[in-house]
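Residue-level structural notes
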Amino acid sequence: QVHGGNQLYIYIKINTIVKKLKEMFKPDFELNFKMPFESDNTKQAEQHSLAIERPRFNPYQFNAGSVVGIGGKGFCLIAGDTRLSVGYSILSRNTTKVVPLTNSTYLATSGMYADFTALQKVLQARLQMYEYDMSKKPTLESVSALLSRVLYSRRFFPYYTFNIVGGLDENGDGVVYGYDAIGSYEPKRYVASGSGVSFMLPLLDQQLQGYNLSLIHISEPTRQAEISYAVFCLKKKKKT
């Protein structure tokens, strides 16, 4: 303690403050103190600030999962895995990621399962209101536009979901829509989403779109012919 005129100055060692704070707050949560120095010099202590880091709140949780949708003339295929996991822990092996919205429209979602459940309830309530007001069932285009609006309305605190809407249009042909987290969407022939998208999309590109077939073009029905033709193509490219 130092008296200066009418003022009283009190100097306390910074290490003592850290020790007291740790004792006070340790039962509630752990505090991580970053000490830039270890010194008893009072003047040096006044030039540095005490940095306190607290655990940050994260409202999101990634439950992984993969979903895929394929549409074509007269059919629509929507599929998803049933595993619910957090990190390396498997919480359930029988949790569906595909739910019906109407008789001909389905929603498939990967990401956070809690947000998927909340989004599903919101959509079903809005679709019931639509059916009551319009006295008719919503079409696939109406459902896809509704999901886009719901996702965009939560753009500042979005649902942690990556969605696929698929079904049959008015002509009976299959159409699938892929979405980002805030509602941007477009109709496609096939869509994949989730943690396995890097494995599914190359396969879909090759099987449905015909990409990556310039080197090995398989035309014979038998496995032996496929292998022979593949070896022939590889040898021909090596010589050239």
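Residues numbered from 1 in each chain as written. Predicted model: local features only at pLDDT ≥ 70, side-chain atom pairs only at ≥ 80, totals over all residues. Heavy atoms only, no water.

**Side note on the nonpolar core**
Membership of the largest hydrophobic core comes to 18 residues, with the highest contact counts inside it found for Leu107, Leu119, Leu123, Leu147 and Val165. Of all the elements in the fold, those that place two or more residues in this core are α3 (113-134), α4 (140-153) and β12 (174-179). When residues in this core are grouped by element, the largest group, 6 residues, is from α4. In this structure, Leu123 is in contact with Leu101, Leu107, Leu146, Leu147 and Val150, ignoring residues within four places of it in sequence. Membership of the second largest hydrophobic core comes to 6 residues, among which are Val67, Ile78, Ala108 and Val176. (Core = buried A, V, L, I, M, F, W, Y, C linked by side-chain atoms within 4.5 Å. Buried < 20%, exposed > 50% of the residue type's maximum accessible area, 1.4 Å probe, protein only. Helix = DSSP H or I, 4+ residues; strand = E, 2+ residues; numbered from the N terminus. Contact = heavy atoms within 4.5 Å.)

**A closer look at unusual backbone geometry**
Of note, Ala64 is a non-glycine position whose phi angle comes to about 60°, a positive value. One can find Ala64 in the loop between β4 (51-53) and β5 (66-72). Despite not being glycine, Ser135 has its phi angle at roughly 60°, a positive value. One can find Ser135 in the loop between α3 and α4.

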